[in-house]
Amino acid sequence: MISMAMYQPEIETMPQEQLRALQSERLVKQVRHVYDNVPYYRKKMEEKGVTPDDIKGLDDLHKLPFVTKDDLREAYPYGLMAKPLSDCVRIHSTSGTTGRRVVAFYTQHDVDLWEDCCARAIMAAGGTKDDVVHVSYGYGLFTGGAGLHGGSHKVGSLTLPMSSGNTDRQIQFMVDLESTILCCTPSYAAYLAETIQERGLRDQIKLKAGIFGAEAWSEEMRQDIQNKLGIKAYDIYGLTELSGPGVSYECSEQAGMHICEDHFIAEIIDPDTGEVLPDGTKGELVFTAITKEAFPLLRYRTKDICVLNRTKCSCGRTHVRMAKPMGRSDDMLIIRGVNVFPSQIEEVLLKVSGGDITPNYQIIVGRENNTDTLDINVEMSEAMFSDDIRSVERVEKNIVAQLRSMLGIGAKVHLVNPKTIARSEGKAVRIIDNRKL
């Protein structure tokens, strides 16, 4: 039984057999498009001894080479484009591990299809043209704001392009314009909920649903947000490399996120061997974009660990569901919606060391009041240890400023005494993540 309206019901409820046939047809076309227009891909395929003629449908997907973030960095900025720059209308970007960002390109067709995916997510959360969609994701290069903004337009809802921050204004507009659907990171939703409660404005808020993504969050956090705001909180997933939010989204069942399978083919692989695993097995999530024109990624390794579920969903949608990611197969952290790699932090520490600090450091991630915290302990050199407090503070401030420039978020830096960070006989324990996600 279909529990609520859908944006594209004929696609969202398409029988599995028909959906697989559509995926096969689009995959064959996409492989040819990539092979003919992206020399970087053509070389990778040739190295693996594969040509477009070898790909006749879904069953041949495993023959294609994987693409990783390393490929995106190596081909930066234009090396993976499959359309002339003159056909592109927009870029979005995410941070990279070595200062080289991931830049994704979009034709107008790409933007339209992405917005369709976000419209599906909004309607899966109960959105209609009568709703007021309050978009508090960041705008600009970040995909969050633009994606949900465009999706809201497609649904026909009144769209409030609030962007992030300025909580006073957020709450004022929420009250005055009677926002009904909130789109932002879960940590910011939790912060808004607490502030609304503190100010005694709960009875003036008309929110009914929230669409939250871009960072990890627990079921406990979901329940807390739902209780404090009196809403139903929906998860949404996406990657800048693939388009942005809307690659998958939760329905009213809140039992996994439906992947837009008419645009993205999902696989689960063994992260060590690359072997494709059966549905229901935990492994690394891999996506192939079969409708993107400008920046089509084939078999892109997300590094997210999760499970796919093809059992029938009572919402009526037939597209496969992915579980909330259960971790990463690399060392990337997502802090306040930002991708943070230890290598970025190490790069900053090496740059500013100047003999004041040692290579021994530890990254501690926590969560206070539903907001991620980032603390970095760095050992001082013996020479620095004997310096005055002002010198220590100067170095700490310099590292904080450099980290903000590199990561785009604030961190607390603590210079600690020499030899106080625990040593390990094996791999150094650089990261302590105390969040319960």
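Residues numbered from 1 in each chain as written. Predicted model: local features only at pLDDT ≥ 70, side-chain atom pairs only at ≥ 80, totals over all residues. Heavy atoms only, no water.

Here we look at the confidence of the model for the protein chain
For the protein chain, mean pLDDT is 91; residues scoring 70 or higher make up 95% of the total. Throughout residues 423–427 the model reports pLDDT below 50, and contacts reaching past four residues in sequence, or to other chains, amount to two contacts. (pLDDT = per-residue confidence, 0-100. Contact = heavy atoms within 4.5 Å.)

What about the sheet that holds strand E4 (residues 158–161)?
Strands pair in a sheet through their backbones, by hydrogen bonds, and they do so in one of two ways: parallel or antiparallel. Strand order across the open sheet formed by nine strands is E4-E3-E5-E6-E7-E8-E9-E14-E13, with mixed pairing between neighbours. Where the open sheet ends on each side, the last strands, each with one partner, are E4 and strand E13 (308–309). When strand E9 (residues 257–259) meets strand E14 (residues 321–322), the two strands line up antiparallel, connected through two bridges. When the bridges of E14 are listed, His258 appears paired with Arg321. The strands that helix H8 (residues 186–198) touches are strand E5 (181–184) and strand E6 (209–212); relative to E5, the one it contacts most, it runs at about 130°. (Pairing = 2+ DSSP bridges. Helix = DSSP H or I, 4+ residues; strand = E, 2+ residues; numbered from the N terminus. Axes fitted to C-alpha atoms, helices over the stretch in contact; angles between N-to-C directions.)

Some remarks on the sheet that holds strand E11 (residues 283–289)
If you walk across this open sheet you meet the three strands as E10-E11-E12, and the pairing is antiparallel. A strand with exactly one partner marks an edge of an open sheet, and here the two such strands are strand E10 (264–269) and strand E12 (300–306). Neighbour-to-neighbour, the strand axes of the sheet open up by a mean angle of 30°, direction not taken into account. Where E11 meets E12, four bridges bridge the pair, whose relative direction is antiparallel. Paired with Phe287 across the bridge in E12 is Tyr300.

So, empty space enclosed by the protein
A complete count under the given rule lists two cavities of 30 Å³ or more for this structure. Computed from the structure, the largest cavity encloses a volume of approximately 70 Å³. Forming the walls of the largest cavity are Asp110, Leu113, Trp114, Cys117, Leu242, Ser243, His263, Phe264, Thr291 and Lys292. With four residues, helix H5 (residues 108–124) is the single largest residue contributor to the lining of the largest cavity. Among the residues forming the lining of the largest cavity, the class breakdown is five nonpolar, three polar and two charged. Estimates place the volume of the second largest cavity at around 50 Å³. Together, Leu72, Ala75, Tyr76, Pro77, Gly79, Leu80, Arg101, Val102, Val103 and Phe295 line the second largest cavity. Of the residues belonging to the lining of the second largest cavity, the class tally is eight nonpolar, one polar and one charged. (1 Å grid on protein atoms, 1.4 Å probe; cavity = no way out; pocket = protein on both sides within 12 Å on 5 of 7 lines; lining within 4 Å. Points joined across faces, edges and corners; volume = space filled by probe spheres on them. Nonpolar A, V, L, I, M, F, W, Y, C, P; charged D, E, K, R; others polar.)

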